[in-house]
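# Architecture and fold: a report
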Amino acid sequence: MIHNNEFLEKAQQLIDVGRFIDSKGWVPATSGNFSARLSDGNIAITVSGRHKGRLVEDDIMLIDSMGQSLDGKKPSAETLLHTTIYKRFEQVQCVLHPHSQSSMLVSRLFKSALVLKNYELLKALTDIDTHEAQTVVPVFANDQNIARLSAEVESYMDQNDPIHAYIIAGHGFYTWGKDVAEALRHVEALEFLFECEIKLYGVQLP
């Protein structure tokens, strides 16, 4: 399949993101998955089972808005979690899913949700312009039934204030943005804030 220039540009952005996130230790082994939406509604996404720090153009594939492969390659089993975000948020053009240690520890320590508040770095998240704001990062139980997990995430979003990310317990987290750069900014900010909360939790133990 011959891809157009827009796909190739998005693919390179995902390759670059993969190398950066891998350099931080946030996608060990072949974990994680990344995607970017194209102007026609199709989605460039990492092929299942590829090491995110060693991605090449052939490791990025094309799916439609329903998550169906358009080039014969196999997408991540979690593709539905990407397409669900794109359907909900018209402005979102990139979804990133690291498997970081800090997000896993947060899910062990805070169980159902982590509330982030009174951090200056919250302003790195879209639509937050003051340290006095707060954002909730919900934690969902890991589930190999991705359709069921996706429905649970959707139900939460329907019933609660907008969120910037969510964690899958013992697994990793999802965040998104209007482009690859914004989604990566969210990853970096959230990683820092997760680590702050983990260390603070340790300090407060009796």
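What comes next concerns the included structure.

## Some thoughts on the overall build of the chain
Broken down by element type, the chain carries five helices and eight strands. Each helix and strand of the chain, placed in order from N terminus to C terminus, yields the pattern α-β-β-β-α-β-α-β-β-α-β-β-α. Taken against the 2.2 N^0.38 rule, which gives 17 Å for 206 residues, the C-alpha radius of gyration of the chain at 16 Å falls within 12% of a compact globule. Expressed along its principal axes, the backbone C-alpha trace of the chain runs to roughly 60 × 35 × 35 Å. Buried residues in the chain amount to 51% of all 206 residues. For the chain, the proportion of contacts with a sequence separation of at least 24, taken over those separated by at least 6, is 60%. Taken as a whole, the chain presents about 10,000 Å² of accessible surface, with 50% of it coming from carbon and sulfur. Across the chain, the mean location of the 19 positive side-chain charges is 5 Å away from that of the 27 negative side-chain charges.

## A short note on the pairing of strand E3 (residues 60–63)
Every second residue of E3 is oriented toward a common face, with Ile60 and Leu62 on one face and Met61 and Ile63 on the other, all of them buried. Pairing of strand E2 (residues 43–46) with E3 involves four bridges; the strand directions are antiparallel. Across the sheet, residue Ile45 finds its bridge partner in E3, namely Met61.

## A closer look at the environment of Asp22
Mapped onto the elements, Asp22 comes out in helix H1 (residues 5–23). On the basis of relative accessibility, which here comes to 27%, the residue Asp22 falls in the partly exposed class. Taking the C-alpha atoms as reference points, Asp22 and Gly32, separated by 10 residues in sequence, lie 9.8 Å from one another.

## Comments concerning unusual backbone geometry
In this structure, Ala29 is a non-glycine residue whose phi angle is positive, near 55°. Tracing the backbone shows Ala29 in the loop between H1 and strand E1 (33–37). On the basis of relative accessible area, Ala29 is assigned to the exposed category, the value being 55%. For Asn118, which is not glycine, the phi dihedral falls at a positive 60°. As for its placement among the helices and strands, Asn118 is situated in the loop between strand E5 (113–117) and strand E6 (134–140). We classify Asn118 as exposed; its relative accessible area is 52%.

What counts, and where the lines are drawn
- Residues numbered from 1 in each chain as written.
- Predicted model: local features only at pLDDT ≥ 70, side-chain atom pairs only at ≥ 80, totals over all residues.
- Heavy atoms only, no water.
- Helix = DSSP H or I, 4+ residues; strand = E, 2+ residues; numbered from the N terminus.
- Rg over C-alpha atoms; globule rule 2.2 N^0.38 Å.
- Buried < 20%, exposed > 50% of the residue type's maximum accessible area, 1.4 Å probe, protein only.
- Contact = heavy atoms within 4.5 Å.
- Areas by Shrake-Rupley, 256 points an atom, 1.4 Å probe, with all protein chains shown as cover.
- Lys, Arg positive; Asp, Glu negative; His and termini not counted.
- Charge placed at Lys NZ, Arg CZ, Asp CG, Glu CD.
- Pairing = 2+ DSSP bridges.

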